[in-house]
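# Topology and contacts: notes
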Amino acid sequence: MSEEDKAPATGQGVRMELPTWDHSRSKRRGGDAGPQEDAFVTGVKEAGRTAKARSGLVIGGTIAALAVLVGIIVIYNGRQTASATATRQLATAARYESEAEVGDPALLLGANKGKPVAPIVKDEAERSAAVTKALDELDASAPGSDAALAGTVVRATGLLRAGDPAGAEALYREFLGKAGAGHPLQFAAREGLAFTREAQGDLDGAIAELETLAGQKGTFYRDMALWQKGRILERQGKTEAALEVYRQYIAEYPLQQPSIAQNDVRKRLEELDPQALAGQPAPESPIQVVDAPGAPTP
């Protein structure tokens, strides 16, 4: 178990560092997926590229990345229910929440050759202010819209990042109460709700939310829900129960096929039960990136 997973739950008022995850390997599509699910999966793949490029993001940050990509790609391009202004305000809020680089603007601009690839803020307070401003403008310009509803997820993510899991929980529950069963951000809100319960020390409650998220075999995002469930069971000291979940994961999502949490599950099985990996393919070698002559060092 990593030192991060051993850490005690964080209380309100302390910035929360949740487990990072790399979802650059996206869940494969089912054979009966319709056009909306295709767009949904495309959005997740794009969000995965963002998460991989910014490996320091906490879990809440990746949720916000999904929020803007899925919200815009699926809800607005697919249903055409939001104005360009509302879409832009939601995108602005989500980009600041999930992608903003924190630090000296001059140094960051210099490293990017004067062309910022993400919003730049001097500190977390400036990030929070930018997110809040965009979401407040969204609520004022398009109250009750799909865009404003999606903004609730982004706002909740900011509270979770800032160390207010109780406030985040209230917003995630508000979203889930208003969103329909087929809303494309429901999975993000359900996962966020699990993290708020974990942050407040209610590990059983977190597992209950993850079990709801996991649903039945074939459910989108079930692989991530299984991984998070196993991780929390380990935090509870229930190693055998966690192992059962990890074995279930590789039975449903063989490691030779892409799935969101396969690398994390493999690492836990390598430590706890190497025999469970018998017959599974070896991990891929990391890709070596060679900088061009004269290129700045990352």
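Below you will find a few notes about this structure. The model shown is predicted, which means the values in this text are computed figures rather than measured ones. (Residues numbered from 1 in each chain as written. Predicted model: local features only at pLDDT ≥ 70, side-chain atom pairs only at ≥ 80, totals over all residues. Heavy atoms only, no water.)

## Digging into the overall build of the protein chain
Our working rule: Runs of E in the DSSP output that reach at least two residues are strands. Runs of H or I that reach at least four are helices, and both are numbered from the N terminus. Exposed residues in this analysis have more than 50% of their type's maximum accessible area, buried residues have under 20%, and partly exposed residues fall in between, with area computed by a 1.4 Å probe over protein chains only. Every accessible area reported is derived by Shrake-Rupley at a probe size of 1.4 Å, with residue values counting cover from the shown protein chains alone.
Helix and strand counts for the protein chain stand at 13 helices and two strands. Going through the 298 residues of the protein chain one by one, you find that 49% of them count as buried. Summing over all exposed atoms, the protein chain offers an accessible surface of approximately 14,100 Å²; the carbon and sulfur share of this is 52%.

## Quick word on helix α13 (residues 262-272)
Note the threshold: Only heavy atoms matter for contacts: two residues are in contact if any of them lie within 4.5 Å across the pair.
Within the span of α13, buried status applies to Q262, D264, V265, R266, R268 and L269. Those residues of α13 that are buried are in contact with α11 (222-235) and α12 (239-252).

## What about the packing of helix α10 (residues 203-214) against α11?
Quick reminder of the rule: Throughout, an axis means a line fitted to C-alpha atoms (over the contacting stretch in the case of helices), and angles, computed between N-to-C directions, take values from 0 to 180 degrees. Roughly parallel covers angles under 35 degrees, roughly antiparallel covers those over 145, roughly perpendicular covers 65 to 115, and oblique covers all other angles. Whether a crossing is left-handed or right-handed is set by the direction in which the near helix is turned from the far one by less than a right angle, anticlockwise for left-handed and clockwise for right-handed.
It is the contact of α10 with α11, at a shortest axis distance of 8 Å, that shows an interaxial angle of 160 degrees. With respect to their mutual orientation, α10 and α11 come out roughly antiparallel. Relative to α11, α10 is oriented so that their crossing is left-handed. Counting all contacts with α10, which are made through L203, A206, I207, L210, E211, L213 and A214, the residues of α11 involved are R222, A225, Q228, K229, I232, L233 and R235.

## Regarding the packing of helix α9 (residues 186-199) against α10
What counts is decided by this rule: Only Asp, Glu, Lys and Arg are considered charged, only Ala, Val, Leu, Ile, Met, Phe, Trp, Tyr, Cys and Pro nonpolar, and every remaining residue, Gly among them, polar.
Taken N-terminus to C-terminus, the directions of α9 and α10 make an angle of 165 degrees; their axes are 7 Å apart at the nearest point. On the basis of the axis angle, α9 is roughly antiparallel to α10. Seen from above, α9 lies across α10 with left-handed handedness. Counted together, F187, R190, E191, L193, A194, R197 and E198 of α9 and L203, G205, A206, E209, L210, T212 and L213 of α10 form the full contact between these two elements. When grouped by side-chain class, the residues that make up the contact of α9 with α10 number seven nonpolar, two polar and five charged.

## Some details on the environment of A168
Secondary-structure assignment places A168 in helix α8 (residues 165-178). Its relative accessible area of 0% is what places A168 among the buried residues. On a C-alpha basis, the gap between A168 and T157 in space is 6.6 Å, while along the polypeptide they are eleven residues apart. Once residues within four sequence positions are removed from consideration, A168 is found in contact with A156, L159, L160 and T196.

## Considering the pattern of salt bridges
This is how the line gets drawn: Between Lys or Arg on one side and Asp or Glu on the other, a salt bridge is scored when a side-chain nitrogen of the former is within 4 Å of a carboxyl oxygen of the latter.
Within the structure shown, the criterion is met by 17 salt bridges. Salt-bridge contacts for E209 lead to R190; the nearest nitrogen and oxygen are separated by 2.6 Å. Of this pair, E209 sits in helix α10 while R190 sits in helix α9, placing them 19 residues apart in sequence. What makes E209 buried here is its relative accessible area of 11%. One salt-bridge network, in which partners are shared between bridges, spans E169, R173, R197 and D202.

## Side note on α9
Inclusion rule: Each residue after the first adds 1.5 Å to the expected span of a helix.
With 14 residues, α9 extends 20 Å from end C-alpha to end C-alpha; this agrees with the ideal 20 Å at 1.5 Å per step. With twelve of 14 residues buried, α9 lies mostly within the body of the structure. Where α9 is concerned, the buried positions are F187, A188, A189, E191, G192, L193, A194, F195, T196, R197, E198 and A199. One or two steps after α9, the chain reaches G201, where phi turns positive at roughly 85 degrees.

## Regarding unusual backbone geometry
Peptide bonds are, in most cases, trans, and in most cases residues other than glycine have a negative phi. Within the chain, Y221 stands out as a residue other than glycine whose phi angle is a positive 75 degrees. Using a relative accessible area of 1% as the deciding quantity, one classes Y221 as buried.

## Describing the nonpolar core
Our working definition: Side-chain atoms within 4.5 Å are what join buried Ala, Val, Leu, Ile, Met, Phe, Trp, Tyr and Cys residues into a set we call a nonpolar core.
With 31 residues, the main nonpolar core has Y221, Y249, V265 and L269 as its most contacted residues. Of all elements in the fold, only α9, α10, α11, α12 and α13 reach the threshold of two or more residues within this core. Within the second largest apolar cluster, 27 residues are counted, among which are V131, A147, L171 and Y172.

## Brief notes about the packing of aromatic side chains
Let me state the cut-off plainly: Each Phe, Tyr or Trp ring (for Trp, its six-membered ring) is paired with any other whose centre lies within 6.5 Å, and the angle between the two planes then decides the class: stacked below 30 degrees, edge-to-face above 60, tilted in between.
Tallied over the full model, the rule gives five aromatic pairs. On the basis of an interplanar angle of 25 degrees and a centroid distance of 5.9 Å, the ring pair of F220 and Y221 is categorised as stacked. Across the pair, Y221 and F220 agree in class, each one buried. Here a set of aromatic residues connected by ring pairs shows up, and it is made of F187, F220 and Y221.

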